[in-house]
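Each chain, written out:
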Amino acid sequence: MALLEVNHLDVRFALRQGDVRALRDVNFTLERGERLGIVGESGAGKSVAAFTLLNLIAKPGYIAGGEIIFDGKPLNSLSERALRKVRGNRISMIFQDPMMTLNPVLSIGEQMVECLKAHRRISTKAARAIALDKLRQVQIPSPEARLDQYPHELSGGMRQRIIIAIALLLDPDIIIADEPTTALDVTIQAEIMALLLELCEKHNVGLILITHDLGVVSQVTQRMLVMYAGRVIEQGPTREIINDPQHPYTQGLINALPQMATPGERLNQIRGSMPSLSNLPSGCAFHPRCDFINRADGTPRPACTQQVPEFVTSGNCQVACHMVAELLEKEREEQEAGDANRLKETNP
Ligand SMILES: Nc1ncnc2c1ncn2[C@@H]1O[C@H](COP(=O)(O)OP(=O)(O)OP(=O)(O)O)[C@@H](O)[C@H]1O
Ligand SMILES: [Mg+2]
């Protein structure tokens, strides 16, 4: 069984004008030590997914359906007390802004010791020793001195190293990192990402990495989810998706990468923008931006504007797109016709 299993997750925000559906039928698994990327434009529901995994979704948000099974236990039906044991301990989270995690009035050492003592029966001295060890692991210069410093005395990159040390403090099984390097200088981003990857690999920690950066996803993760307007529209092995994206949205994201443009030309941005969740287009939510809503013969494919696409399996990937479903169906028919012909030839 997978370490983490998310089934049919449905998350809504109860607003005055009615419920907004932020996640619809989200399904994925994470094996022990596996690294999974979640990508998609702003507003796709990536952070909502991350918060929901730890049951941290705040009102008016609520889980309207589905289940999150961690290590065989359904997380969304645990008591708050039981959940606190999992949060920070077995699953920890790294946010874009280190100050979401760091307490400005406590020294780094105090916060780390407090965190350890909240989850383990341990003396202050032993906790300080563990904290020091973790600071060494994240390669902070003069770690002893850092223990007595306050968050504001450190640079952004240094703070994010501390956050990684705190995320690793209780030897978690999974780290969820939501845009962990976006707030940092470009030169430091790669260093921090490399450090996170190295530590996850070394300690066999699973990673759910949320990012806009497809380059990082392709370097760091083994599998990926592509989200659009609250749904996963493509998922599978990262290499397969990056090399041969099936969904027109995923193709659009990859074509928009700077390295895909001819030098001197404009970037190939996907036209239009992500729709508001309270006003989703009918059928496939991506259809108003899609260049492929016509069939091969030029006539429109009515399903694109009328039916929410189901998942089809293409290679090792799952894709929710009517065009892809049609292409696969055609391939299958051709294959069957070919097989029938061969049978006729061999048994005339
Ligand atoms: N507190 C809230 N109240 C109402 N709706 C919300 C709230 N938080 C999120 N949403 C809805 O969920 C959608 C997805 O938000 P989310 O923060 O998960 O996007 P994201 O994919 O993380 O985007 P970004 O890349 O900008 O971080 C939002 O566009 C909004 O419609
Ligand atoms: Mg976000």
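Residues numbered from 1 in each chain as written. Chains lettered and ligands numbered in written order. Predicted model: local features only at pLDDT ≥ 70, side-chain atom pairs only at ≥ 80, totals over all residues. Heavy atoms only, no water.

Novice: Describe the environment of Met1, and please don't skip the residues or the numbers.
Specialist: With respect to the helices and strands, the residue Met1 is situated in the segment before β1 (4-15). In the structure, Met1 is positioned 185 residues away from Val186 in sequence and 38 Å away in space, judged by C-alpha atoms. Excluding residues that lie within four positions of it along the chain, Met1 makes contacts with Glu31 and Gly72. (Helix = DSSP H or I, 4+ residues; strand = E, 2+ residues; numbered from the N terminus. Contact = heavy atoms within 4.5 Å.)

Novice: I'd like a description of the sheet that holds strand β2 (residues 18-30), backed by residues and values.
Specialist: Ordered in space as β2-β1-β4-β5, the four strands form an open sheet in which the pairing is antiparallel. If you trace the sheet from one side to the other, it starts and ends with β2 and β5 (73-74), each paired once. Relative to β5, strand β4 (residues 61-70) runs antiparallel, the two being bridged by two bridges. Note on β5: the bridge partner recorded for Ile69 is Pro74. (Pairing = 2+ DSSP bridges.)

Novice: Can you tell me about the pattern of salt bridges, naming the residues and giving the values?
Specialist: Where charged atoms from two side chains of opposite charge come close, those side chains can pair. Following the criterion strictly, the structure yields 20 salt bridges and no others. For Glu326, the salt bridge is made with Arg301, and the minimal N-O distance between the two is 2.7 Å. Placement of Glu326 in helix α12 (residues 322-346) and of Arg301 in the loop between α10 (248-255) and α11 (302-306) is noted, with a sequence separation of 25 residues between them. Take Glu326: its relative accessible area is 31%, and that puts it in the partly exposed class. On the basis of relative accessible area, Arg301 is assigned to the buried category, the value being 6%. Here Asp339 makes a salt bridge to Arg342, at a shortest N to O gap of 2.7 Å. Of this pair, Asp339 and Arg342 both sit in helix α12, three residues apart, which is roughly one turn of the helix. Since its relative accessible area comes to 49%, Arg342 is described here as partly exposed. The network of salt bridges with common partners includes Arg32, Asp71, Arg90 and Asp173. (Salt bridge = Lys/Arg side-chain N within 4 Å of Asp/Glu carboxyl O. Buried < 20%, exposed > 50% of the residue type's maximum accessible area, 1.4 Å probe, protein only.)

Novice: Help me get a handle on the state of the cysteines, residues and values and all.
Specialist: With the rule as written, the count across this model stands at zero disulfides. Note on Cys200: no disulfide assigned, nearest cysteine sulfur contributed by Cys115 at a separation of 17 Å. By relative accessible area, Cys200 is classed as buried at 1%. Summary of cysteine pairing: Cys290 is not part of a disulfide, and the nearest cysteine sulfur, belonging to Cys321, is at 6.3 Å. What makes Cys290 buried here is its relative accessible area of 11%. (Disulfide = S-S within 2.5 Å.)

Novice: Explain the pairing of strand β6 (residues 91-94) to me, and be specific about the residues and the numbers.
Specialist: Note on strand geometry: in a regular strand, side chains alternate between the two faces of the sheet. Residues Ile91 and Met93 line one face of β6 and the alternating positions Ser92 and Ile94 line the opposite face, and both faces are buried. Two elements, β6 and strand β7 (residues 174-178), share four bridges in a ladder whose sense is parallel. Its bridge partner being in β7, Ser92 is matched across the sheet by Ile175.

Novice: How would you explain the packing of aromatic side chains if you had to name every residue and give the values?
Specialist: As enumerated under the stated definition, the model contains four aromatic pairs in all. Ring geometry for Phe51 against Phe95: centres 5.7 Å apart, planes inclined by 25°, an arrangement best described as stacked. Taken as a pair, Phe51 in helix α1 (residues 46-53) and Phe95 in the loop between β6 and α3 (108-119) lie far apart in primary sequence, 44 residues in all. Relative accessible area serves as the criterion here: at 13%, Phe95 is assigned to the buried category. Put simply, the rings of Tyr228, Tyr249 and Phe286 touch in pairs and so form one group of aromatic residues. (Phe/Tyr/Trp six-rings, centres within 6.5 Å; stacked < 30°, edge-to-face > 60°.)

Novice: Describe the side chain of Thr238, naming the residues involved and giving the relevant values.
Specialist: As for its position among the elements, Thr238 is in helix α9 (residues 238-243). Of the polar contacts made by the side chain of Thr238, one reaches the backbone nitrogen of Arg223; its length is 3.1 Å. Ignoring any residue separated from it by four or fewer positions in sequence, one finds Thr238 in contact with Val217, Ser218, Thr221, Gln222, Arg223 and Met224. (Polar contact = N/O pair within 3.5 Å; in protein donor to acceptor, adjacent residues only side chain to side chain.)

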